[in-house]
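Remarks on the overall topology
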Number of protein chains: 2
Amino acid sequence: MPTPLMLNAFSPEHAESLDSRTREMIARRQRVLGPSYRLFYEHPVHFVRGEGVWLYDPDGVPYLDVYNNVPSVGHSHPHVTAAVARQAATLNTHTRYLYDLVITYAERLLATFPPELSNVMFTCTGSEASDLAMRVAKCFTGGTGFIVTEAAYHGITDAVSGISPSLGVHVPLGANVRTIAPPARYRADGSIIEDVGGVFAASVEHAVRDLRRHGIQVAALIADTIFSSDGMYSDPAGFLKPAVATIRQAGGVFIADEVQPGFGRLGTHMWGFQRHDIVPDMTILGKPMGNGIPIAGVVAKPSVLEDFSKRARYFNTFGGNPVSCAAGLAVLEVIENERLMANAEDVGRYLREGLNKLASLNSCIGEIRGAGLFIGMDLVADDQLARIPSPALASRIVNGLRERHVLISASGPHGHVLKIRPPLPFSRENADHFLAALSQVLAEQR
Amino acid sequence: MPTPLMLNAFSPEHAESLDSRTREMIARRQRVLGPSYRLFYEHPVHFVRGEGVWLYDPDGVPYLDVYNNVPSVGHSHPHVTAAVARQAATLNTHTRYLYDLVITYAERLLATFPPELSNVMFTCTGSEASDLAMRVAKCFTGGTGFIVTEAAYHGITDAVSGISPSLGVHVPLGANVRTIAPPARYRADGSIIEDVGGVFAASVEHAVRDLRRHGIQVAALIADTIFSSDGMYSDPAGFLKPAVATIRQAGGVFIADEVQPGFGRLGTHMWGFQRHDIVPDMTILGKPMGNGIPIAGVVAKPSVLEDFSKRARYFNTFGGNPVSCAAGLAVLEVIENERLMANAEDVGRYLREGLNKLASLNSCIGEIRGAGLFIGMDLVADDQLARIPSPALASRIVNGLRERHVLISASGPHGHVLKIRPPLPFSRENADHFLAALSQVLAEQR
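Predicted, not measured: the structure shown is a model, and the values here were computed from it. (Residues numbered from 1 in each chain as written. Chains lettered and ligands numbered in written order. Predicted model: local features only at pLDDT ≥ 70, side-chain atom pairs only at ≥ 80, totals over all residues.)

**Regarding the overall build of chain A**
How we decide: Per the convention used, a helix needs a DSSP run of H or I reaching at least four residues, while a strand needs a run of E reaching at least two, with both numbered from the N terminus. Three classes are used. A residue is buried when 20 or more other C-beta atoms lie within 10 Å of its own, exposed when 12 or fewer do, and partly exposed in between, with C-beta atoms placed from the backbone. By the convention adopted here, residues are in contact when the distance between their C-beta atoms, placed from the backbone, does not exceed 7 Å.
When you go through chain A residue by residue, the secondary structure sums to 13 helices and 15 strands. Considered along the principal axes of its C-alpha atoms, chain A spans approximately 60 × 55 × 45 Å. By residue count, 61% of the 446 residues in chain A fall in the buried class. Of the contacts made within chain A by residues no fewer than 6 positions apart, 74% connect residues no fewer than 24 positions apart.

Here it is, written out as structure tokens:
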């Protein structure tokens, strides 16, 4: 049986080239965590400390983090860690008692959303949030069908792995699930799609009809509003609008997965769906929400939650606990106080300019997409017109950057899209550092 | 539509009897968290601080905690909160990089298990762990059927809510799920079951046959080894053995849900299954694992995980993160350093003796069950032989204790079983305090 697809995974066949300390650590890890766990890189990295946009290995060597979106306001941010320490030492309990922090945090969080999205339910992980959104969507619509993009990732519960094709061919999709092409501007043959939104909506319509032909009423279209695992599709802003109209006309709801684009990463807006000028029926939040402290949730229109709430109580033991809410609140404060959205927009644009310059010098660089500090860059065979994906090159670049102490990964169904997604305090100087390292690694490929 | 069953839930019809501060807080909460959330008690309690076995309201009034198992080593335990604060300020990342803490913690945790159970996979919640165990069981056995007890609770994902009948009749069980009676010593008619283990195993056998008759191969029997939501069934120790043999003979696995009984609460053993002298194929861990910091997991035999690991990679963004592992490690250290298992055994026995004395004076007290600091006490109509469940009395006692600043709840399919489950540092003095309050509340019921 072939190993399931995972981009940039360590393969035990490379173990011999590792130093003995790393080899031993991997062996210990393998012994207790078992074979399902994967490490990044041909030469996995060991970290002992994090600060801002830097991670440090045991020898004190700094690695520039151009990849991790969970420590979104910076590794070990003192405002967040102080809030966590303070709250843990004061009170940590659950939502069947009253305490202020879950209410205050919910109010502050919801204030960043359009007024229609006025209820939040807290979970601990994005997977749990996706799973809850699926349960609510089924209850609200009476349907059971789900539509997702071809290389979508929404999480790992039994139900959610069934709507996450990027987990690989050995994890079966649900019988009620249909996949559609992501809203890309280029077809596989290199021809250009003029009306990205119209084509995407037509795919939704086609999937709805196919579900119906199988006796299945659609419950929801779920989409990551930056299409991260599909390869990052951001433009033209607004392309989601026709698809949202289509799914609603078919009796389904639109669920915006904001786990990756959310919390200001896209610069101009707090939430990815806002770039598309739409209001989802539900949104799924996760990863950066607590800067690494487990907290996630579903933000929804109250009308969508109503029927579910009558049928099913919801209690998540750790969901909305005071310590996680303290982390969440501190994250919102840092985003505001340090003007991280403006920084994401400014440095993101600077970074894309630098990448475009590199593209003009390197024919192996294809399209560059993204918004704010969420950037995808296609790597293609050395004939730009053909745009043939080059996952091998992407892998060499990812590992080449790791050897230069710069962290990054790849994405997309072919694994040929560099995923550039640093913590939000990433500066222009950090961008220059990254661009210089990338330029060197590209030069080595010639 | 009737409101779904939840024991000891606040009902908005009681809002008028609340003070204005509480009423306003509940209104704010309702506005943002929506209608799916439930509070405990006719008069919900507001907490601002926790320490040891005590929770404090905004006026500084202490409440004795005889209920909460999540802050298992005591609310805001300084050893745990210091470990969390230290680690959060140092490094918080994920398992695709190498770091020591997830390995060291996994080694320490697995050392408390029989050697056959030598792999751990980390999740953030017990629900996620149950969900993962279901996925693994299906992969390992090729079956899809699950057997659970009549009032089982294993979590809230889409799949796991389908094996959690205690969520109420409006949350449908899976089509491949069969429920069986818990291993009680009394039948509904009051007659005594001599061979609890044999009868329980026969129920498993019957469920396996029924699944097969419907073309479904069984994947697993999942049982909470203290049967908390069924009403707490503990004795005679060993009664699980025949059922485990039966499920294995049928080609299924046995999954021990240790979320509630685990981590030393039962006094004599770290894990509930050990009281029954069995080795499960998988165990599910959760609630007390990080003393409130979200961490949970599946501990399994490597052979059971093997096929799943070949087909599906497993990555849980927050699962096994250094901060949660630091909390987990500190919890293990406190259990050992403060001899909390010995305390659970000693104070648990003392408490049961006190409860038995109360039972001899109050005919409304039926059977008292449990082990260590996990005790269930039946409340019955005032004719002990008939043993007619009295949920109304249980509710009056739970709310009467709350008015005396003692926290407790009820359990079981009829809601007539007092659930006595304090943090593990609960002392004999605390037990006396609780018994005196309970005695007063019982006296008021005459």
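**A few points about the domain arrangement of chain A**
Residues and elements named next belong to chain A. Quick reminder of the rule: Residue ranges for the domains trace back to a domain assignment, done automatically or taken from a database. Each residue is assigned to one class: nonpolar for Ala, Val, Leu, Ile, Met, Phe, Trp, Tyr, Cys and Pro, charged for Asp, Glu, Lys and Arg, and polar for all the others, Gly among them.
Taken domain by domain, chain A consists of domain 1 (45-73 + 340-444) and domain 2 (78-337). Here the C-alpha centre of domain 2 lies 25 Å away from the C-alpha centre of domain 1. Elements with a contribution of two residues or more to the side of domain 1 that touches domain 2: helix H11 (340-361), strand S11 (365-371) and strand S12 (374-379). In terms of residue count, H11 provides more of the side of domain 1 that touches domain 2 than any other element does, five residues in total. For the side of domain 1 that touches domain 2, the residue count by class is 14 nonpolar, eight polar and four charged.

**Overview of the interface of chain B and chain A**
Listed by partner, the interface residues are 83 residues for chain B and 83 residues for chain A. In terms of residue count, the dominant contributor to the side of chain B that touches chain A is helix H9 (residues 302-311) of chain B (seven residues). In terms of residue class, the side of chain B that touches chain A is made up of 45 nonpolar, 23 polar and 15 charged.

**Topic: the relation of the copies chain B and chain A**
Stated formally: Only residues with pLDDT of at least 70 in both copies contribute their C-alpha atoms to the least-squares superposition of the copies.
The two copies are related by a screw operation: chain B maps onto chain A through 180° of rotation and 0.0 Å of translation along the axis, at an RMSD of 0.0 Å. Overall, the copies show the geometry of a two-fold rotation axis. No C-alpha of chain B lies nearer the rotation axis than that of Ala85 of chain B, which sits 2.4 Å from it.

**A short note on the packing of helix H12 (residues 391-403) of chain B against helix H13 (residues 428-444) of chain B**
Residues and elements named next belong to chain B. Note the following rule: All axes here are fitted lines through C-alpha atoms, helices being fitted over the stretch that makes contact, and every angle between N-to-C directions spans 0 to 180 degrees. With respect to orientation, any angle under 35 degrees is reported as roughly parallel, any angle over 145 as roughly antiparallel, any angle of 65 to 115 as roughly perpendicular, and every other angle as oblique. Should the near helix be turned anticlockwise from the far one by less than a right angle, the crossing is left-handed, and should it be turned clockwise, the crossing is right-handed.
H13 packs onto H12 with a crossing angle of 125° between their chain directions and a minimal axis gap of 9 Å. By the angle class used here, H12 and H13 are oblique. Pair H12 / H13 crosses with right-handed handedness. Listed contacts from H13 to Ile397, Gly400 and Leu401 of H12 are Ala437, Leu438, Val441 and Glu444. Grouping the amino acids of the contact of H12 with H13 by side-chain chemistry returns five nonpolar, one polar and one charged.

**Overview of helix H2 (residues 78-90) of chain B**
Convention followed: To estimate how far a helix should extend, the number of its residues minus one is multiplied by 1.5 Å.
Counted at 1.5 Å a residue, the expected span for H2 of chain B with its 13 residues is 18 Å, and the 18 Å between its end C-alpha atoms agrees. Of the positions making up H2 of chain B, those classed as buried are Val80, Thr81, Ala83, Val84, Gln87, Ala88 and Ala89 of chain B. Contacts made by the buried residues of H2 of chain B are with helix H2 (78-88) of chain A together with helix H10 (322-337) of chain B.

**Here we look at the sheet that holds strand S2 (residues 54-56) of chain A**
Residue and element names in this part refer to chain A. To be explicit about the condition: In this scheme, strands are said to pair when DSSP sees at least two bridges between them.
In space, the four strands of this open sheet follow the order S1-S2-S3-S13, with mixed pairing throughout. Both edges of this open sheet fall to strand S1 (49-51) and strand S13 (406-407), since each of them pairs with a single strand only. As defined by bridge partners, S2 adjoins strand S3 (residues 62-65) across three bridges and the pair is classed as antiparallel. Bridging across to S3, Tyr56 finds its partner in Pro62.

**So, the pairing of strand S7 (residues 218-224) of chain B**
Residues and elements named next belong to chain B. Just so we agree on the cut-off: We call a crossover right-handed when, viewed with the strands running away from us, the connection from the first strand over the helix to the second turns clockwise.
Across the seven residues of S7, seven count as buried, placing the element largely inside the fold. As judged from the five bridges shared by S7 and strand S8 (residues 253-257), these two strands associate in the parallel manner. Residue pairing across strands places Ala223 opposite Ala256, the latter belonging to S8. Handedness of the crossover joining S7 and S8 through helix H7 (residues 241-249): right-handed.

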